[in-house]
Amino acid sequence: MGNEQLITPWDLEEAERQDTFYVPEYIVNMAYEVIKHYDMKVSHMEVITTKADKGGLIWKIDTDKGPRSLKILHRRPTRSLFSLGAQEYLVKEKKARVPQIIPTKDDKLYVEMGGKFWFVAEWIESLFQVSKDLEGAKELCYAIGEFHKLSKGYTPPHGAENASRLYRWPKTYNKIVKKMTWLRDIATVYDEMPASATVLSVIDMFEDQAVKAFERLENSAYYDLVKKGNKEWGLVHQDYGWSNGQKGEGGMWIIDLDGVAYDLPIRDLQKLITGTMDDLGGWDAHWVKEMISAYHAANPIADQLYEILMIDLSLPNLFYKNVKEMVYEPTVFMDEELKNLVQRIVDIDKTKWTVLDELADNSWLGGKSK
């Protein structure tokens, strides 16, 4: 095994030239080797999605035991072990609607090959995305609330990393504040680029939002809340949305758990609300209230945690997410498209603050009014 070829990110240009998802031949050969570790016969393999830039991949496989998925996890093996353990815990201990992992012939959760973990899970044929309307958004919120509640108490298997973001909030907020200076400096140096003037005209405003959010976090109940510890808070999906929460047999299923980490649960809710308001093209108080209420019905949000949600929503999340890549290749990234995108984000941002003001007090949710 010492001289085995390691799986590395593969040629994106080659991948783009092909009509279908391109997978290097050596990885396909490894897949056949991995399959030998399972008590199943595979008649057909179809690539569903690839993370070519990271060396990850999902196949749908037709087997004599029914349809299954075969997945290469792109993260470090010790990190992958944390999420595989979580998936197993949620199915076995909590009867959660997440796909069941199929054990190998020697009863392991994974096969290690090419420096990565591979695993096989059941494929739920009935899954479909909920509608991209308020009802769909509420179903997603309720489902992730349920997931958060069920995930409490998880202990990772021996040898796994302790993947936690619970204590990292101040560091993350501070990083956003610092990056604003970088973005300003880059836009100043590359002032001939189409997006530079637009970025420079709004950076002070977004930096101010980030500074205020960081100050509010420092003065909030955050430090008291995290004292409860990882297991007490449970797991956050970290990449949750319409593709990873789908409707199927028995209700909503949560899939693609390879990024799960211990965290404050409202991190998923914040991302879902922010992304949905982005899709709507502006903030809508009715939508946000309905989404929070749906989540709250599955996993009640205590007053102190609600305050953290409000602080997290006040960060310039959309701006930061869309503009931070500027640091790597400013001459490529700061084009006309970015200029238009920043303008759109500014327009959306203008609609955010009246909504957050209306939501500041959680008495509408049955909490104690401030």
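Above this note sits the structure.
Summary of the structure given here.

Definitions and cut-offs
Residues numbered from 1 in each chain as written. Predicted model: local features only at pLDDT ≥ 70, side-chain atom pairs only at ≥ 80, totals over all residues. Heavy atoms only, no water. 1 Å grid on protein atoms, 1.4 Å probe; cavity = no way out; pocket = protein on both sides within 12 Å on 5 of 7 lines; lining within 4 Å. Points joined across faces, edges and corners; volume = space filled by probe spheres on them. Helix = DSSP H or I, 4+ residues; strand = E, 2+ residues; numbered from the N terminus. Nonpolar A, V, L, I, M, F, W, Y, C, P; charged D, E, K, R; others polar. Salt bridge = Lys/Arg side-chain N within 4 Å of Asp/Glu carboxyl O.

## Considering empty space enclosed by the protein
By the definition in use, this model includes 2 cavities of 30 Å³ or more. The space that makes up the largest cavity amounts to roughly 90 Å³. Around the largest cavity, the lining is made up of 14 residues, and of these Trp-283, Asn-317, Leu-318, Asp-349 and Lys-352 lie nearest the centre. Broken down by secondary-structure element, the contributors of at least two residues to the lining of the largest cavity are α6 (196–218), α9 (266–280), α12 (317–323) and α14 (336–350). Among the residues forming the lining of the largest cavity, the class breakdown is 9 nonpolar, 3 polar and 2 charged. Approximately 40 Å³ is the volume found for the second largest cavity. What lines the second largest cavity is Lys-71, Leu-73, Ser-83, Leu-84, Gln-87, Phe-119, Asp-256, Leu-257 and Asp-258. Of all the secondary structure elements, the ones that give two or more residues to the lining of the second largest cavity are β3 (66–73) and α3 (77–92). No other element matches α3, which puts 3 residues into the lining of the second largest cavity. Classifying every residue of the lining of the second largest cavity gives 4 nonpolar, 2 polar and 3 charged.

## A word on the pattern of salt bridges
By the definition in use, this model includes 23 salt bridges. Put simply, Asp-204 and Arg-184 hold a salt bridge, and the shortest N to O gap is 2.8 Å. In this pair, Asp-204 sits in helix α6 while Arg-184 sits in helix α5 (residues 169–189), placing the two residues 20 residues apart along the sequence. With a shortest N-O distance of 3.8 Å, Asp-312 and Arg-267 are connected by a salt bridge. Of this pair, Asp-312 sits in helix α11 (residues 303–314) while Arg-267 sits in helix α9, placing them 45 residues apart in sequence. When salt bridges with common partners are traced through the structure, they connect Lys-71, Arg-75, Asp-256 and Asp-258 into a single cluster.

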